[in-house]
Amino acid sequence: QVQLVESGGGLVQPGGSLRLSCAASGNIFSIYAMAWYRQAPGKQRDLVAQITNAGSTHYADSVKGRFTISRDNAKSTMYLQMDSLKPEGTAVYYCNANDPTENYWGQGTQVTVSA
């Protein structure tokens, strides 16, 4: 089992920045990829960015050049640096992790981009 806890959400003005964190615990050595998803009110949950154990990254087109995903294996923590935030970035952001048998989710953290 893996437990994921997100933090770092909040209210930010358009053009501002936030850094989300996802702390993993439990059987973390089985994880081969981690990701951030987001879900806006009334919409489906969409992939924002993904990072593998090898360090390969993938971004949704809507956040390329503005968001950066990273991980600190020593701290068992994944990050999402979000710059130049837009109002359409308002959503609950979820941490996700995959091991060979299961797909794990955190509880989510709210990000609101508004003037």
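Residues numbered from 1 in each chain as written. Predicted model: local features only at pLDDT ≥ 70, side-chain atom pairs only at ≥ 80, totals over all residues. Heavy atoms only, no water.

Trainee: Which parts of the structure should I look at to understand the nonpolar core?
Mentor: Soluble globular proteins: nonpolar side chains tend toward being buried together. In terms of nonpolar packing, the biggest core is built from 30 residues, with Leu4, Met34, Trp36, Leu80, Met82 and Tyr93 touching the most fellow members. Excluding its chain neighbours within four sequence positions, the residues that come into contact with methionine 34 are Leu4, Cys22, Ala24, Ala49, Gln50, Ile51, Ile69, Arg71, Met78, Cys95, Asn96 and Ala97. (Core = buried A, V, L, I, M, F, W, Y, C linked by side-chain atoms within 4.5 Å. Buried < 20%, exposed > 50% of the residue type's maximum accessible area, 1.4 Å probe, protein only. Contact = heavy atoms within 4.5 Å.)

Trainee: Mind showing me how you'd approach the sheet that holds strand β1 (residues 2–7) here?
Mentor: Adjacent strands of a sheet form backbone hydrogen bonds with each other and so pair up, either parallel or antiparallel. What the 4 strands build is an open sheet, ordered β1-β3-β8-β7; its pairing is antiparallel. Edge strands, defined here as strands with exactly one partner in the open sheet, are β1 and β7 (67–72). Mean inter-strand twist for the sheet, computed between neighbouring axes without regard to direction, equals 15°. (Pairing = 2+ DSSP bridges. Helix = DSSP H or I, 4+ residues; strand = E, 2+ residues; numbered from the N terminus. Axes fitted to C-alpha atoms, helices over the stretch in contact; angles between N-to-C directions.)

Trainee: Can you walk me through the state of the cysteines in this structure?
Mentor: Think of a disulfide as a covalent bridge from one cysteine sulfur atom to another cysteine sulfur atom. Applying the stated criterion across every chain, the model contains 1 disulfide. Between the sulfur of cysteine 22 and that of cysteine 95 lies a disulfide, 1.9 Å long from S to S. Between cysteine 22 and cysteine 95, the disulfide has an S-S torsion of -70° and is therefore left-handed. On the criterion of sequence distance, the pair formed by cysteine 22 in strand β3 (residues 18–26) and cysteine 95 in strand β9 (residues 91–98) is long-range, its members being 73 residues apart. The exposure class assigned to cysteine 95 is buried, which follows from its relative accessible area of 0%. (Disulfide = S-S within 2.5 Å.)

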